[in-house]
Protein chains: 2
Amino acid sequence: MGNADGVFPGTEFARRVPVPPPRPFLDTFRTNLKETFFPDDPLRQFRNEHGPRRVILGLKYFLPILEWAPSYSFGLFKSDLIAGITIASLAIPQGISYAKLANLPPILGLYSSFVPPLVYAMMGSSRDLAVGTVAVASLLIGSMLGNEVSPTKDPALYLHLAFTATFFAGLFQAALGLLRLGFIVDFLSHATIVGFMGGAATVVCLQQLKGMLGLQHFTTATDLVSVVKSVFSQVHQWRWESAVLGCCFLFFLLLTRFFSKRRPKFFWVSAAAPLTSVILGSVLVYLTHAENHGVQVIGYLKKGLNPPSATSLTFMPPYIMVALKTGIVTGVIALAEGIAVGRSFAMFKNYHIDGNKEMIAIGTMNMVGSLTSCYLTTGPFSRSAVNYNAGCKTAMSNVVMAIAVMITLLFLTPLFHYTPLVVLSAIIIAAMLGLIDYEAAIHLWHVDKVDFCVCLGAYLGVVFVSVEIGLVIAVFISILRVLLFVARPRTTVLGNIPNSMAYRRVDQYPVAQSVPGVLILRIDAPIYFANASYLRERISRWIEEENESSKGETSLQYLILDMGAVGSIDTSGISMLEEVKKIIDRNCSIKLVLANPGSEVMKKLSSSKILEAIGHEWIFLTVADAVAACNFMLHTCKASDTTSCENVV
Amino acid sequence: MGNADGVFPGTEFARRVPVPPPRPFLDTFRTNLKETFFPDDPLRQFRNEHGPRRVILGLKYFLPILEWAPSYSFGLFKSDLIAGITIASLAIPQGISYAKLANLPPILGLYSSFVPPLVYAMMGSSRDLAVGTVAVASLLIGSMLGNEVSPTKDPALYLHLAFTATFFAGLFQAALGLLRLGFIVDFLSHATIVGFMGGAATVVCLQQLKGMLGLQHFTTATDLVSVVKSVFSQVHQWRWESAVLGCCFLFFLLLTRFFSKRRPKFFWVSAAAPLTSVILGSVLVYLTHAENHGVQVIGYLKKGLNPPSATSLTFMPPYIMVALKTGIVTGVIALAEGIAVGRSFAMFKNYHIDGNKEMIAIGTMNMVGSLTSCYLTTGPFSRSAVNYNAGCKTAMSNVVMAIAVMITLLFLTPLFHYTPLVVLSAIIIAAMLGLIDYEAAIHLWHVDKVDFCVCLGAYLGVVFVSVEIGLVIAVFISILRVLLFVARPRTTVLGNIPNSMAYRRVDQYPVAQSVPGVLILRIDAPIYFANASYLRERISRWIEEENESSKGETSLQYLILDMGAVGSIDTSGISMLEEVKKIIDRNCSIKLVLANPGSEVMKKLSSSKILEAIGHEWIFLTVADAVAACNFMLHTCKASDTTSCENVV
């Protein structure tokens with residue numbers, strides 16, 4: 001009709017909006033599946049390879065070490081050696097402290113810095129990630145398992161559950177990677193992580209009051225209220241000795257950190273500070289015998305490497321459930337931190353990291369760890385940052401760290417006998433204060449209020465309720481935001497930008513001029529069941545308002561819907577369009593015109609027969625074409641009555 | 001710079017993309033709130049009114065009867081009278097049968113067709129909605145309450161719980177309306193409702209096997225498996241008499257329906273059929289004393305109007321929880337059906353219905369009902385359709401029906417003593433078969449596969465598991481679809497449509513021609529945390545592929561992102577853009593150019609300082625402008641080296 005015959009000016013055949021040819025269902029299904037699960041197209045490299053080459057490529061895919069090891073040089077090793085020793089000096093005290101945080105025997109912290117780094121060095125694709133335990137996950141394990149089993153009353157079972165949870169965490173992480181479900185981690189937005197980390201850091205600091213004040217009994221709950229209660233309920237048990245000691249070391253640590261921040265060349269000062277304070281503290285206690293004056297010490301640490309723990313995994317109900325729950329929650333959080341850290345450093349050094357591959361690596365590392373008396377590990381930000389500053393070149397720095405820890409385990413454990421817990425608390429607090437990123441929160445407030453709410457929700461949830469709840473709140477708000485965006489899409493009136501063919505939002509471009517007799521609406525979201533009826537209401541309201549405003553002038557005769565931003569439409573959306581057409585046909589005999597619909601929309605319009613109702617000649621490539629056609633009709637048909645003119649087209 | 005000074009051709013100041021002036025936070029917040037909760041702007045009419053007028057308008061807003069009653073004429077009343085009597089003849093048998101479906105005393109069905117219609121006639125804004133009980137909600141009440149309390153062992157408590165649930169349902173519905181949360185109902189998509197209704201209808205038909213076969217004992221479960229089991233476990237209790245009787249009446253009912261469908265003039269034939277068959281059946285039983293031969297009858301029905309039931313509402317734990325749950329679930333479903341029905345008929349007759357107002361009306365009607373021995377009512381499709389066909393003009397037809405039912409309650413109840421249950425079963429089955437809309441399902445399959453999955457999920461869930469589960473499955477799939485759309489947005493390469501300024505998707509328009517040295521990408525969704533990292537990966541892959549494809553030719557130098565369809569962006573999205581810029585700057589020195597960003601995007605770009613990084617002169621009104629600028633740079637700067645040329649701009 002019209003459009004084909006070129007009845008309208010400038011609407012020759014080439015500019016028609018084509019209906020895409022029908023594709024077999026399975027075909028579209030496959031492409032969608034590929035886009036969803038294999039957006040990075042990992043098999044591309046395999047395509048034109050055969051036989052043994054393929055096997056080698058496959059091995060290289062799962063063991064990146066095979067890629068960089070052959071070209072590994074002594075020069076690289078030197079830098080890795082320095083970096084490795086540096087992070088080791090940080091890893092040992094942190095490992096011990098975080099293990100205490102999870103109510104696990106301190107030695108586990110060292111174990112966990114030995115086996116997992118070796119595994120990751122083989123499988124990991126990041127060059128800067130330094131493997132180790134993290135405060136938040138440790139705290140989570142402590143609180144979640146603590147609700148079921150008391151670490152003091154039944155330490156053996158508690159330990160077994162910790163291993164089992166670690167195993168499940170690893171299994172879950174690896175499964176996510178193998179099933180290409182990496183994008184689940186993306187649902188933890190940056191805002192969520194900022195708020196969550198801040199909250200967790202606050203909670204962890206609060207937990208340290210136990211060590212700082214040398215308290216014997218302490219609540220297992222993590223929320224602000226109950227912690228403060230339990231601290232002030234036992235004012236008389238406070239030990240000034242440990243408090244003083246703790247504050248001194250905390251001050252020392254913060255000072256060194258501040259110094260290193262000012263002079264990046266001296267990064268090693270803050271990196272070495274924890275080990276230094278451990279040594280100082282131990283010597284101090286050894287000389288003054290402060291352990292008899294209310295300063296608690298680590299005490300005896302068993303010599304020797306990781307004992308196997310495969311036999312102590314417990315898959316028996318009722319405990320398997322709590323282990324599973326803990327494993328999945330902590331696993332996701334550890335994964336999110338590890339991948340976020342890996343990605344950010346990869347961006348600095350400008351190399352690529354495959355999220356799914358990382359998941360498999362981290363997962364395997366945890367599964368192996370759970371069989372060798374390690375608990376949940378990932379790539380902590382603090383340690384990786386030190387690793388990066390220390391100038392690491394490859395994952396070899398992890399191997400160096402592992403060896404250093406091994407030597408400690410074999411020969412040096414007795415030296416930690418007199419290490420005061422308060423020093424460990426100081427180390428944790430110092431590390432945590434760095435994680436409360438209030439500047440990021442302020443930035444969020446300036447850029448995006450909703451993200452700020454997400455962040456705040458996560459923070460308050462973690463601090464006042466519990467770590468899990470905080471996470472749930474944040475994710476819920478984030479998803480709600482997405483749903484609300486779809487449920488309440490923006491519809492805006494478009495106007496012509498002077499001396500151009502462009503039509504833009506009049507609220508955004510003050511210069512844009514509206515066309516008399518024509519209302520141009522732009523829909524800014526996919527048309528789904530969630531917004532279909534809203535859009536129907538909104539569009540009819542736009543028309544009412546337009547009619548009221550244009551009293552006397554040329555009355556409204558054409559409604560142009562700019563479908564450019566309508567990425568997709570479902571059946572509810574289709575029927576919405578039908579209803580809109582019926583309504584405006586009936587009460588004000590306005591003609592519905594579509595501009596620039598995407599191929600998905602065109603396909604559904606044609607398959608749902610509404611295309612005939614609208615008329616293919618009333619669908620245009622650009623808004624400009626549509627307006628041209630409308631003006632053409634308006635002016636050629638003003639004299640004669642409209643109906644007959646309609647028939648012409 | 002460039003763009004401002006008009007260095008590029010055709011980029012004079014008028015065509016710059018403006019950064020919207022900063023608006024006070026509360027201001028934007030208010031507008032967003034208004035768009036979300038008051039899209040229909042209900043207070044518009046109040047604006048230029050004062051004092052008493054306002055009060056009257058307010059009353060009219062909540063009691064639409066005040067609007068149409070004054071102009072109500074005898075002519076209108078005649079049509080309403082006919083329609084009212086017709087639906088009454090349908091209401092009485094249906095009421096009794098549905099009450100049985102909810103395991104409630106049959107008389108409640110009549111009660112529920114007396115008070116609620118009167119309330120709705122005053123408050124409802126639909127002219128065609130006929131108020132009454134519905135099969136699905138009745139079944140739900142039966143199954144959900146039946147899980148907690150046995151209607152046979154403890155009928156009194158069961159009855160009280162039914163009233164309480166109805167009260168909660170009404171409260172919930174009215175609250176939704178008052179809180180302007182009407183859009184929650186929109187999340188039950190058309191596909192969901194089709195599948196859900198079909199499933200519910202199937203389940204209801206299965207339940208009727210009890211009545212058809214004259215069985216004494218029957219399972220309370222509603223799923224296919226257990227129903228079939230319980231039917232075939234008692235083959236020897238089957239009563240052929242009632243089976244034969246039932247089949248005859250079912251055949252009769254279907255025949256009349258078929259006839260009326262063929263000849264719309266004779267709509268009253270199918271409308272009167274149920275009452276006819278009730279009368280025939282009763283007479284038949286009375287004459288043949290079939291009640292002694294295995295044909296169960298209704299038996300004694302108490303004379304008199306609704307007794308008050310305010311005292312029998314039970315808010316005591318543990319039962320309050322089940323009442324609350326039942327109330328909310330059934331309330332939402334009843335609401336969805338009522339509003340869907342009201343809207344569709346309003347569309348036929350082309351008048352407007354306010355969803356939130358309807359919710360308040362339906363809610364109040366149920367709350368009042370729960371105080372006068374009625375259980376959950378709404379606007380059933382079948383009855384409203386008959387009302388519409390019978391030519392009702394206003395809600396007065398509901399009043400007529402109520403009066404007819406009142407007369408029945410006062411004088412005619414004894415006549416129902418001999419009514420055989422099997423006839424009621426036949427009536428229900430006949431009604432339900434009309435609700436299984438397989439054509440709609442086929443249509444869904446043709447138009448939108450995902451919607452078909454939603455529909456199928458709802459259907460299978462209802463039939464094989466339970467009514468609630470079916471609903472949950474459907475809503476879950478629908479929301480997952482929305483999330484997936486946001487998590488995996490389409491990115492497409494654009495090309496120039498010959499002899500036009502338009503740039504369109506090359507996969508959609510075969511004629512579109514790509515521009516050498518320039519890659520134009522279009523992002524088809526808001527950039528959120530959920531898709532930020534995906535988009536980063538995808539864009540870099542596009543660049544790689546482009547570089548591979550354009551070997552030898554002019555290498556890629558400009559990446560133009562068409563932001564036209566990016567309705568909104570959050571902080572994760574902003575940092576994604578920063579990262580993309582860093583990446584393409586570093587490894588292939590490609591310049592990032594933005595085209596046609598919306599005002600929200602511009603605002604965030606500027607507030608997050610990335611605008612400086614990109615350079616305001618590299619943001620263009622249209623893709624055409626951007627391409628023009630890029631070509632200008634490419635050709636003028638080919639001879640000289642690019643860097644110096646960059647500095648020129």
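Look a little higher up for the structure.
Residues numbered from 1 in each chain as written. Chains lettered and ligands numbered in written order. Predicted model: local features only at pLDDT ≥ 70, side-chain atom pairs only at ≥ 80, totals over all residues. Heavy atoms only, no water.

**Some points on the interface of chain B and chain A**
Next, step 1: Taken together, the contact between chain B and chain A spans 92 residues of the former and 92 residues of the latter.
Next, step 2: Interface area for chain B against chain A, summed over the two sides, is near 7,800 Å², with a carbon-plus-sulfur share of 57%.
Next, step 3: Counting across the chain B and chain A interface gives 6 salt bridges.
Next, step 4: The partner of B:Arg490 in a salt bridge is A:Glu600, with the nearest N and O atoms 3.5 Å apart.
Next, step 5: In this assembly, chain B and chain A are joined by 21 residue pairs in polar contact (both at pLDDT 80 or more). (Contact = heavy atoms within 4.5 Å. Buried area = accessible area lost by both parts, 1.4 Å probe. Salt bridge = Lys/Arg side-chain N within 4 Å of Asp/Glu carboxyl O. Polar contact = N/O pair within 3.5 Å; in protein donor to acceptor, adjacent residues only side chain to side chain.)

**Quick notes on the relation of the copies chain B and chain A**
Next, step 1: Take chain B, turn it by 179 degrees, move it 0.0 Å along the axis, and it overlays chain A with an RMSD of 0.1 Å. Such values leave the two copies arranged in the relation of a two-fold axis. When C-alpha positions in chain B are compared against the rotation axis, the closest is assigned to B:Ala565, at 2.2 Å.
Next, step 2: When you check the interface residues of chain B against chain A, 100% turn up at the interface there too, and the contact is symmetric in its surfaces. (Least-squares fit on C-alpha atoms with pLDDT ≥ 70 in both.)

**Points about the sheet that holds strand S3 (residues 518-523) of chain A**
Note: strands within a sheet are paired through backbone hydrogen bonds, in either parallel or antiparallel orientation.
All names here are of chain A.
Next, step 1: Reading across from one edge, S2-S1-S3-S4-S5-S6 is the order of the 6 strands in this open sheet, with mixed pairing throughout. Where the open sheet ends on each side, the last strands, each with one partner, are strand S2 (503-505) and strand S6 (619-620).
Next, step 2: For strand S5 (residues 591-595) and S6, the ladder comprises 2 bridges, and the chain directions are parallel. By the bridge assignment, Leu 594 is partnered in S6 with Ile 619. (Pairing = 2+ DSSP bridges. Helix = DSSP H or I, 4+ residues; strand = E, 2+ residues; numbered from the N terminus.)

**What to know about the pairing of strand S1 (residues 491-496) of chain A**
Successive residues of a regular strand alternate their side chains across the two faces of the sheet.
Residue and element names in this part refer to chain A.
Next, step 1: A large share of S1 lies buried, amounting to 6 of its 6 residues.
Next, step 2: Of the two faces of S1, the one lined by Thr 491, Val 493 and Gly 495 and the one lined by Thr 492, Leu 494 and Asn 496 are each fully buried.
Next, step 3: The sheet contact formed by S1 and S3 spans 3 bridges and is antiparallel. Along S3, the bridge assignment pairs Thr 491 with Ile 523.
Next, step 4: Across 3 bridges, the pairing between S1 and S2 is antiparallel. (Buried < 20%, exposed > 50% of the residue type's maximum accessible area, 1.4 Å probe, protein only.)

**What about helix H3 (residues 51-62) of chain A?**
Residue and element names in this part refer to chain A.
Next, step 1: Its 12 residues place the ends of H3 17 Å apart at the C-alpha level, agreeing with the 16 Å of an ideal helix rising 1.5 Å per residue.
Next, step 2: Those residues of H3 not exposed but buried are Leu 57, Gly 58 and Tyr 61. Here the buried residues of H3 occupy an arc of 100 degrees about the axis, which is enough to place them on one side. Exposed side of H3, more than 90 degrees from the buried face: Pro 52 and Val 55 are the residues found there.
Next, step 3: For H3, the secondary structure elements touched by its buried residues are helix H16 (355-371). (Expected span 1.5 Å × (residues − 1). Arc of directions from axis to C-beta.)

**Thoughts on the packing of aromatic side chains**
Residue and element names in this part refer to chain A.
Next, step 1: Counting across every chain of the model gives 22 aromatic pairs over all chains.
Next, step 2: Measuring from centroid to centroid gives 6.5 Å for Phe 74 and Phe 77, while their planes differ by 35 degrees, and the two rings are tilted. You can see Phe 74 and its partner Phe 77 sitting in helix H5 (residues 74-101), 3 residues apart, about one turn around the helix.
Next, step 3: The class of Phe 74 is exposed, set by a relative accessible area of 59%. (Phe/Tyr/Trp six-rings, centres within 6.5 Å; stacked < 30°, edge-to-face > 60°.)

**Describing the packing of helix H5 (residues 74-101) of chain B against helix H19 (residues 421-433) of chain B**
All names here are of chain B.
Next, step 1: Put simply, H5 and H19 touch, their axes get as near as 9 Å, and they point 95 degrees apart. The angle between the axes of H5 and H19 places the two elements in the roughly perpendicular class. Only Leu 421, Leu 424, Ile 427, Ile 428, Ala 431 and Met 432 of H19 make contact with H5, whose side of the interface consists of Pro 93, Gln 94, Ile 96, Ser 97, Tyr 98 and Lys 100.
Next, step 2: Among the residues making up the contact of H5 with H19, the classes are represented as 9 nonpolar, 2 polar and 1 charged. (Axes fitted to C-alpha atoms, helices over the stretch in contact; angles between N-to-C directions. Parallel < 35°, antiparallel > 145°, perpendicular 65-115°, else oblique. Nonpolar A, V, L, I, M, F, W, Y, C, P; charged D, E, K, R; others polar.)

**Quick notes on the sheet that holds strand S5 (residues 591-595) of chain B**
Next, step 1: Ordered by their spatial adjacency, 6 strands build an open sheet running S2-S1-S3-S4-S5-S6 (chain B), and the pairing between neighbours is mixed. Two strands close off the open sheet at either side, each with one partner strand: strand S2 (503-505) and strand S6 (619-620) of chain B.

**Focus: helix H12 (residues 224-232) of chain B**
Residues and elements named next belong to chain B.
Next, step 1: By the burial criterion, the buried members of H12 are Ser 226, Val 227, Ser 230 and Val 231. For H12, the buried positions fall inside an angular range of 135 degrees around the axis, keeping them on one side. Facing away from the buried surface of H12 by more than 90 degrees, the exposed residues are Lys 229 and Phe 232.
Next, step 2: Along its buried surface, H12 packs onto helix H11 (190-212).

**A closer look at the pairing of strand S4 (residues 558-562) of chain B**
Residue and element names in this part refer to chain B.
Next, step 1: Here S4 lies mainly inside the structure; 5 of its 5 residues are buried.
Next, step 2: Because side chains alternate across S4, one face comprises the buried residues Tyr 558, Ile 560 and Asp 562, and the other comprises Leu 559 and Leu 561, equally buried.
Next, step 3: In this structure, strand S3 (residues 518-523) lies alongside S4, joined through 5 bridges in parallel fashion. Each bridged residue has a counterpart across the sheet, and for Leu 519 the counterpart in S4 is Leu 559.
Next, step 4: Bridge count for S4 against S5 is 5 bridges, and the pairing is parallel. Its bridge partner lying in S5, Leu 559 is registered against Leu 592.

**Focus: the side chain of A:Ser370**
Next, step 1: By secondary structure assignment, the location of A:Ser370 is in helix H16.
Next, step 2: Apart from residues lying up to four places away in sequence, A:Ser370 is in contact with A:Phe163, A:Thr166, A:Phe167, A:Ser309 and A:Leu313.

**So, the pattern of salt bridges**
Next, step 1: Across all of its chains, the model carries 22 salt bridges over all chains by this definition.
Next, step 2: In this structure, A:Asp562 and A:Arg522 form a salt bridge, with 3.2 Å as the shortest nitrogen-oxygen distance. Taken as a pair, A:Asp562 in strand S4 (residues 558-562) and A:Arg522 in strand S3 lie far apart in primary sequence, 40 residues in all. For the pair formed by A:Asp562 and A:Arg522, the shared burial category is buried.
Next, step 3: One connected set of salt bridges, linked through shared partners, spans A:Arg490, A:Arg505, A:Asp507, A:Arg522, A:Asp524, A:Asp562 and B:Glu600.

**Some remarks on the side chain of B:Arg504**
Next, step 1: Residue position: B:Arg504 is located in strand S2.
Next, step 2: For B:Arg504, which is buried and forms no salt bridge, the nearest opposite charge comes from B:Asp562, at a distance of 6.3 Å.
Next, step 3: Sequence-distant contacts of B:Arg504, defined by excluding residues within four places in its chain, comprise A:Asn596, A:Leu621, A:Thr622, B:Val493, B:Leu494, B:Gly495, B:Ile497, B:Tyr509 and B:Ala512. (Lys, Arg positive; Asp, Glu negative; His and termini not counted.)

**Side note on the environment of A:Ala336**
Next, step 1: With respect to the element layout, A:Ala336 can be found in helix H15 (residues 319-349).
Next, step 2: Spatially, the C-alpha atom of A:Ala336 lies 9.7 Å from that of A:Ser189, the residues being 147 residues apart in sequence.

**Observations concerning the nonpolar core**
Next, step 1: A:Tyr98, A:Phe196, A:Tyr375 and A:Met432 are the most contacted members of the largest nonpolar core, which has 116 residues in total.
Next, step 2: Leaving out residues up to four positions away in the same chain, A:Tyr375 has contacts with A:Tyr98, A:Ala99, A:Ala102, A:Leu104, A:Leu108, A:Ser112, A:Thr133, A:Ser138, A:Ile141, A:Thr166 and A:Asn366.
Next, step 3: Residues B:Ile333, B:Val386, B:Val422 and B:Ala426 belong to the second largest nonpolar core, which totals 114 residues. (Core = buried A, V, L, I, M, F, W, Y, C linked by side-chain atoms within 4.5 Å.)

**What about a nonpolar patch on the surface?**
Residue and element names in this part refer to chain A.
Next, step 1: Taken together, Val 225, Leu 456, Leu 460, Phe 464, Val 465, Ile 469 and Ile 473 make up a surface patch of nonpolar side chains, about 540 Å² in accessible area.
Next, step 2: The set of elements that each furnish at least two residues to the nonpolar patch consists of helix H21 (449-465) and helix H22 (467-487).
Next, step 3: Sort the elements by how many residues they give to the nonpolar patch and H21 lands first, with 4 residues.
Next, step 4: Residue placement: Val 465 occurs in helix H21.
Next, step 5: On the accessibility criterion, Val 465 (44% relative accessible area) is partly exposed. (Patch = residues over 30% accessible without salt bridge, like charges linked within 9 Å, V, L, I, M, F, W, Y side chains within 5 Å. Areas by Shrake-Rupley, 256 points an atom, 1.4 Å probe, with all protein chains shown as cover.)

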